[in-house]
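Secondary and tertiary structure notes
Letter by letter, the chains look like this.
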Amino acid sequence: MKELGETMELAKFGPAGNPDAFYEAGFKASVDIPGWLSRLRLAAYEYQCGRGVNVGEKTAGAIGKAAAEQNIALSIHAPYYINLATEDESLAANTENHILKSLQAARWMGADRVIFHMGSPGKSSRQAAMDRAKHRLSGVLDKIERLGLSDIILAPETMGKVNQLGSLEEVVQLCKLAPNLLPAVDFGHLHAVTRGKYTDRQEFEAVFDYVQAELGEAAACSLHIHFSRIEYTKAGEKRHWTFADEYGPPHEPFIAVIADRKLQPRIICESAGTQARDALIMQELYLRLLNKDSVAG
Ligand SMILES: [Zn+2]
C-alpha cells in the first residue's frame, strides 16, 4: 500500500486505433492522435497493424515523437496472420517476420509493447499446438535478442474464439518462456469464450490472483488489458459493440478491482468506433474511486 503523499503510478487508459470522433473532428493522420488523446486526458494508444506492418520509419518516428511529447504510452497490435502453432514451414517463417517487423516498428515509434495472437491448433490437440508455439517462439526470441529488441514487451493475447489458442492458462504458460513476455488479457474475449463470465468482482480478481501466482506481482500489477463489450455465440466472439450497447462484460466491477488493488495496467478499449469515449468512461470511474479512497484515508 502506498503512503499518502507518495505519487502513485496510475493505470493508463486509451483506444485501440483511431475512433470515429477523431475523423469527425477533421483529422486524418495518426500523427495527430497523440495530441487529440492528450486533450481528452487519455494516456495510452494502441497502433493497429492487424492487416500487416505497413508503417515506415518516418511516419512511425513522427507518431512516436508526438506521443512522447504528450506522454502517451504506445503499444502496437501485431498482424492477425501470426500463427505460432502452424505446422507449415512457410507460414512459420511469415509468423516470425510479422513479429520481427512489429518489433522494428515499435522501436521506430518508441512503443514498449507489441500485442499478438498465438494462432490456432488446427487439427492437432491444444497441447501439441502449445508445444509447437513454445518451440517456435523460443526461436524467435533468440533472434529478437540478437537484434537488440528484447527490451520491448511481447504480449500474447487471450482470445475470444473456442478454436483459437489463447486461453488465460495458455497465455500465462507461454509467458513463462522469457521475461520480456507479458499477458495481454482481453476481458471481452474471456467473456465471450466462457459464454458470459466476467461479470462480477470475484471473476476479475481471480484473473489477477492467477497471474500473480504464476508470473509474479509485477506482471499482475502491470498487465496489458483489452476491454470492450462483446457479442458471442457458442463458438465465442461474434462482434465488438460499445458501452452504450446491451452486451457484457460490465466495466464497473473490473475498474473497482483495479482501483482497490492500486494496480497499474494499461487498459486499451476496443469498442467499435467509440473506443476513446469508452476509455474515458472507464478512466473517470477509476479516478472517482481512487479519490474516494484517498479522501476516506
Ligand atoms: Zn487482438
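Residues numbered from 1 in each chain as written. Predicted model: local features only at pLDDT ≥ 70, side-chain atom pairs only at ≥ 80, totals over all residues. Heavy atoms only, no water.

As named in an unreviewed UniProt entry, the protein is Xylose isomerase domain-containing protein, taken from Acetonema longum DSM 6540.

**Focus: the coordination of the zinc ion**
Note the cut-off: Water is not part of the atom set, so a site may look incomplete; the donors themselves are N, O and S atoms within 2.8 Å of the metal, or 3.2 Å for Na, K and Ca. Only four donors with every angle between 85 and 135 degrees are called tetrahedral; only four or six donors with opposite donors over 155 degrees apart and all others between 65 and 115 are called square planar or octahedral, in that order; all others are irregular. Helix and strand labels come from DSSP, where a helix needs a run of H or I of at least four residues and a strand needs a run of E of at least two; each type is numbered from the N terminus. Remark: exposure states derive from per-residue accessible area (1.4 Å probe, protein chains only) relative to the maximum for the residue type, with buried under 20%, exposed over 50%, and partly exposed in between.
The coordination sphere of the zinc ion, as far as protein atoms go, consists of His 77 (NE2), His 117 (NE2), Glu 157 (OE) and Glu 157 (OE), spread over 2.1 to 2.7 Å. Classification of the site at the zinc ion as irregular follows from its four donor atoms and the range of 53 to 145° in their angles at the metal. Read in sequence order, the donor residues coordinating the zinc ion give the pattern H-x39-H-x39-E. Taken as a pair, His 77 in strand β3 (residues 73-77) and His 117 in the loop between β4 (113-116) and α5 (126-146) lie far apart in primary sequence, 40 residues in all. The pair His 77 / His 117 is uniform in exposure class, with both members buried.

**Digging into the packing of aromatic side chains**
Applied cut-off: Note on ring pairs: Phe, Tyr and Trp rings are taken, using the six-membered ring of Trp, and paired if centres are within 6.5 Å. Classes follow the plane angle, with under 30 degrees stacked, over 60 edge-to-face and the rest tilted.
Inspection of the entire model under this criterion finds 15 aromatic pairs. Summarising the aromatic geometry, the rings of Phe 22 and Trp 36 are spaced 5.6 Å apart at their centres and angled 80° between planes, so their arrangement reads as edge-to-face. Placement of Phe 22 in helix α1 (residues 20-24) and of Trp 36 in helix α2 (residues 33-39) is noted, with a sequence separation of 14 residues between them. Judged by relative accessible area, which is 0%, Phe 22 ranks as buried. Residue classification places Trp 36 among the buried residues on the basis of a relative accessible area of 11%. Pairing Phe 187 with Phe 204 gives two aromatic rings, centres 5.0 Å apart and planes at 65°, and the pair type is edge-to-face. Here the residue Phe 187 occupies a position in helix α7 (residues 187-193), and Phe 204 occupies one in helix α8 (residues 201-215), the gap between them amounting to 17 residues. Relative accessible area serves as the criterion here: at 0%, Phe 187 is assigned to the buried category.

**Digging into the sheet that holds strand β1 (residues 12-15)**
Pairing between sheet strands relies on hydrogen bonds along the backbone, with the strands arranged either parallel or antiparallel. For clarity, the threshold we go by: Two strands are said to pair when DSSP picks up at least two bridges between them. Axes here mean lines fitted to C-alpha atoms, for a helix over just the part in contact, with angles spanning 0 to 180 degrees between N-to-C directions.
Pairing is parallel across the open sheet formed by four strands, whose spatial order is β1-β10-β7-β6. In this open sheet, the two strands that pair with only one neighbour each are β1 and β6 (184-186). The sheet shows a mean angle of 20° between the axes of neighbouring strands, taken without regard to direction. With three bridges connecting them, β6 and strand β7 (residues 224-227) associate as parallel partners. Paired with Val 185 across the strands is Ile 225, a residue of β7.

**As for the UniProt feature "domain: Xylose isomerase-like TIM barrel" (unreviewed entry) in the protein**
Threshold: UniProt positions are given in the numbering used here, feature names are shortened, and annotations may be inferred rather than shown by experiment.
As annotated by UniProt and renumbered to match this structure, "domain: Xylose isomerase-like TIM barrel" (unreviewed entry) occupies residues 51-278. Taken end to end, residues 51-278 has its terminal C-alpha atoms 24 Å apart, with 45% of it in helix and 14% in strand.

**What about the packing of helix α6 (residues 168-175) against α8?**
Put simply, the test is: Roughly parallel means an angle under 35 degrees; roughly antiparallel, over 145; roughly perpendicular, 65 to 115; everything else is oblique. When the near helix sits turned anticlockwise from the far one by under a right angle, the crossing is termed left-handed; a clockwise turn instead gives a right-handed crossing. Every residue pair with non-hydrogen atoms within 4.5 Å of one another is taken to be in contact.
Running from amino to carboxyl end, α6 crosses α8 at an angle of 25°, the nearest separation of the two axes being 10 Å. In this view, α6 runs roughly parallel relative to α8, as classed from their interaxial angle. Our pair here, α6 against α8, has a crossing hand that is right-handed. Together, Leu 168, Glu 169, Val 172 and Cys 175 of α6 and Val 207, Tyr 210, Val 211, Glu 214 and Leu 215 of α8 make up the contact between the two elements.

**Remarks on the nonpolar core**
Spelled out, the test is: As used here, the term nonpolar core means buried Ala, Val, Leu, Ile, Met, Phe, Trp, Tyr and Cys residues forming a set that is joined through side-chain atoms within 4.5 Å.
Core analysis: the largest hydrophobic core is formed by 81 residues, its most contacted members being Leu 154, Phe 187 and Phe 254. Apart from residues no more than four positions distant in its own chain, Leu 154 is found in contact with Ile 99, Leu 103, Val 114, Phe 116, Leu 137, Leu 141, Ile 144, Asn 180, Leu 181 and Leu 182.

**Some remarks on the side chain of Gln 283**
Turning to its location among the elements, Gln 283 is positioned in helix α11 (residues 275-295). In this structure Gln 283 comes out as buried when scored by relative accessible area, which is 9%. Not counting the four nearest positions on each side in its chain, Gln 283 is found in contact with Phe 13, Arg 41 and Leu 42.

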